[in-house]
Every structure is written in structure tokens, then in C-alpha cells.
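Now for the letters of each chain:
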Amino acid sequence: MAAMKAKETVRLNAVRSIKSAILLAKTAEGASGELTDGDIVKLIQKLAKQRKEAAEQYAAAGRQELADNELAEMEVLATYLPKQLSPEEVEARLKEIIAEVGASAPSDMGKVMGVATKRLAGLADGKTISGIVRKLLG
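Model, not experiment: these values are computed from the prediction. (Residues numbered from 1 in each chain as written. Predicted model: local features only at pLDDT ≥ 70, side-chain atom pairs only at ≥ 80, totals over all residues. Heavy atoms only, no water.)

(A) Structural view of the nonpolar core. Judged by nonpolar contacts, the single largest core of 16 residues is most densely connected at Val90, Leu94, Val112, Leu120, Ile129, Val133 and Leu137. Those elements that place two or more of their residues in this core are α5 (87-101), α6 (109-119) and α7 (126-137). Contact partners of Ile129, with chain neighbours within four places excluded, come to Val90, Leu94, Met113, Ala116, Leu120 and Ala124. (Core = buried A, V, L, I, M, F, W, Y, C linked by side-chain atoms within 4.5 Å. Buried < 20%, exposed > 50% of the residue type's maximum accessible area, 1.4 Å probe, protein only. Helix = DSSP H or I, 4+ residues; strand = E, 2+ residues; numbered from the N terminus. Contact = heavy atoms within 4.5 Å.)

As C-alpha cells, then:
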């Protein structure tokens, strides 16, 4: 309501997209009708990633004004997400997970990724995690 009253169209569009995604997830076939906080964080991360990819495509097509709009919405979505870990913090946590799992070779990447994606869900994206795991095990 505050974004609507202040005529902040970027914030309003971002909040509406979150609300829409939550409603769709609740009413999707096979859904229980209830979402956990983790589910909502995943939805918002997905929306932010979509905005980033759309902005890249708009920029590549020479439509910078549309790219700027997508990036602005992505920044609004990011305010609803937990703070992301820095690469150094991710690396420290991954070293702990690698020691815990007992991984030592690149062939153990699957074991590490299974544990890491669960523990670091919402705190770091999968691409960053896999890159650091590959570096540590390589």
C-alpha cells in the first residue's frame, strides 16, 4: 500500500510479482496450500534471477531503459532476501563441509554439493557454491 500511495511503480511491480508468485505456488497442482519461509525465499530468489537474466538480454538487444527497469526491480526484490554470504565466508563454510563429509577428490563433488546446497540455501547461489567446491577439490 505504501508503494502504491507513494506512486513507486518499480517497488509496486516487484511486490506484486512476489505476491503473484506466492499465490501461484500455493494453488499449484500438488501443493499443500502452505509455504514455509524457505519456500518463499526460493521464490524471491527465482524472481530476482529472472530479472537479472532479462536485464542482460535487454542490454544485449540495445534496450537499456528496459534493462535498467529490470535491474531496479531486482534490487527491490533483494531487499526481501536474507543477506548473501561473501565468497570468503562461503569458502570457509565449504571447507568445514568438505572436512565433515571427508571429500578429497573432484569425484566427491556430488557429496559436498548435496550437503552444501541444503546448508547454504538462501545464503549463496548454486553457481558460486559449485565454483568454490570445484576449486577446493581440484
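There's more to say after this.
(B) Expanded view of unusual backbone geometry. One non-glycine residue, Lys7, lies in positive phi territory at about 60°. By the element assignment, Lys7 lies in the loop between α1 (2-5) and α2 (9-27).

(C) Fine view of the environment of Lys83. Mapped onto the secondary structure, Lys83 falls in the loop between α4 (64-78) and α5. A relative accessible area of 66% means that Lys83 is categorised as exposed. Between the alpha carbons of Lys83 and Glu8 there is a distance of 24 Å; along the sequence they are 75 residues apart. Not counting chain neighbours up to four residues away, the residues in contact with Lys83 comprise Glu89 and Leu123.

(D) Representation of helix α3 (residues 37-60). Here α3 is 24 residues long and its end C-alpha atoms lie 35 Å apart, about the 34 Å a rise of 1.5 Å per residue gives. Those residues of α3 not exposed but buried are Val41, Leu43, Ile44, Leu47, Ala48, Arg51, Ala54 and Ala55. Of the surrounding elements, those touching the buried residues of α3 are α2 and α4. A positive backbone phi angle near 80° is found at Gly62, which sits one or two residues after α3. (Expected span 1.5 Å × (residues − 1).)

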